[in-house]
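Coordinates in review
Each chain is listed here by its residues.
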Amino acid sequence: EQYYDTQRVPFGYQAYPVRFGRVDRYYDDNGLVGIDYVDAYRVTKNPAHLEKAKQVMTFILSGWDDRFEGGVTWLEGVDDQKPACSNGKALVLALKLYEATGDVYYLETGRRFYDWMNKYLKDPERNVVWNSWLTTSGGKVHPDLYTYNTGTLLQAAVALYRFTGEPEYLDNARRLAEGSYRVFFRTTDDGVPYIDDLPWFNLVLFRGYHDLYNVTGDSKYVDALIESLDYAWDHARDRAGLFYHDWTGRTDESRQPKWLLDASCIPEFYA
């Protein structure tokens, strides 16, 4: 809460604690906060957590505009791009809020984000999600690929199928799962699957795989990441038990400081 800025309306979380002054507010960072608050509400039933999640959604929607038919930017007040990280997290948050409240407003908000991402940011041939839509110079795709961007659209597609029963969402979820599997996974010399991306990014993809597995019962995708995690347990930890950034263990990271993005995802993977 030390990051919560109440000087600007709507309220939102900024990049540094407010005691250090006014700094940037990112829509993707806020989406992460909102998702965790609504998840906390589902466990605790504390209405304050739900209210925080709703406030985050309000803040993110303040960044929505109609250029290129919608979407939000990355950074408040800077309109150079509309990235998958901001829109994907807003999409997941909106659908989680619908599940928590039953308010159709959040379902329709989720559909708007989903339709925009599916049209502007999904590679229709490889079925993965590009990094962002660049709004300058008439608009074009920034084609870099990160696992978490595909993960949010996949997770949302599964949720929309559960909420609506419309088969097109499940079909898209299956395509995204297989596309990400083909694009992101590599194998070690002894045949163990792994992904060469930030472990926390891969966790967001795993959330989508896990939700899809709960609907279809097909364990192909979750099994691949479980095998990768098991391998890392044996080959990519330091003496304190902390995981390396590289789960293959090819690089000796035993004496390197460990990054929170690499370490904090491990408990959730195992949970």
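For the structure given in this document, a descriptive report is provided here. For clarity, every value in this text was computed on a predicted model and none was experimentally measured.

What follows deals with the pairing of strand E4 (residues 130-134). With respect to burial, E4 is a largely interior element, five of its five residues being buried. Pairing geometry for strand E3 (residues 81-83) and E4, over three bridges, is antiparallel. If you follow lysine 82 over to E4, its bridge partner there is tryptophan 133. Bridging between E4 and strand E5 (residues 140-145) involves four bridges; their strand directions are antiparallel. From the neighbouring strand, serine 132 faces E5, where its bridge partner is histidine 142. Hairpin connection between E4 and E5: a loop of five residues separates the two successive antiparallel strands, and serine 137 in this loop has a positive phi of roughly 55°.

With that out of the way, let us pick up the layout of surface pockets. A volume near 760 Å³ is recorded for the largest pocket. Along the walls of the largest pocket sit 34 residues, with Lys96, Gln155, Arg207, His210 and Asp211 positioned nearest its centre. For the lining of the largest pocket, the secondary-structure elements that each account for two or more residues are helix H1 (27-44), helix H3 (84-101), helix H5 (147-164), helix H7 (199-216), helix H8 (220-235) and helix H10 (265-270). Top contributing element to the lining of the largest pocket by residue count: H7, with nine residues.

Right, let's talk about the packing of helix H4 (residues 104-120) against H5 for a bit. Interaxial distance between H4 and H5 falls to 11 Å at its minimum, and their mutual angle equals 135°. Between H4 and H5, the angle is such that the two are oblique. Where H4 crosses over H5, the handedness of that crossing is left-handed. Of H5, the residues touching H4 (which contributes Leu107, Arg111, Tyr114, Met117 and Asn118) are Asn149, Thr152, Leu153, Ala156, Ala157, Leu160, Phe163 and Thr164. For the contact of H4 with H5, a count of residues per class yields eight nonpolar, four polar and one charged.

How each quantity is defined
- Residues numbered from 1 in each chain as written.
- Predicted model: local features only at pLDDT ≥ 70, side-chain atom pairs only at ≥ 80, totals over all residues.
- Heavy atoms only, no water.
- Buried < 20%, exposed > 50% of the residue type's maximum accessible area, 1.4 Å probe, protein only.
- Helix = DSSP H or I, 4+ residues; strand = E, 2+ residues; numbered from the N terminus.
- Pairing = 2+ DSSP bridges.
- 1 Å grid on protein atoms, 1.4 Å probe; cavity = no way out; pocket = protein on both sides within 12 Å on 5 of 7 lines; lining within 4 Å.
- Points joined across faces, edges and corners; volume = space filled by probe spheres on them.
- Axes fitted to C-alpha atoms, helices over the stretch in contact; angles between N-to-C directions.
- Parallel < 35°, antiparallel > 145°, perpendicular 65-115°, else oblique.
- Left-handed = near helix turned anticlockwise from the far one by under 90°.
- Contact = heavy atoms within 4.5 Å.
- Nonpolar A, V, L, I, M, F, W, Y, C, P; charged D, E, K, R; others polar.

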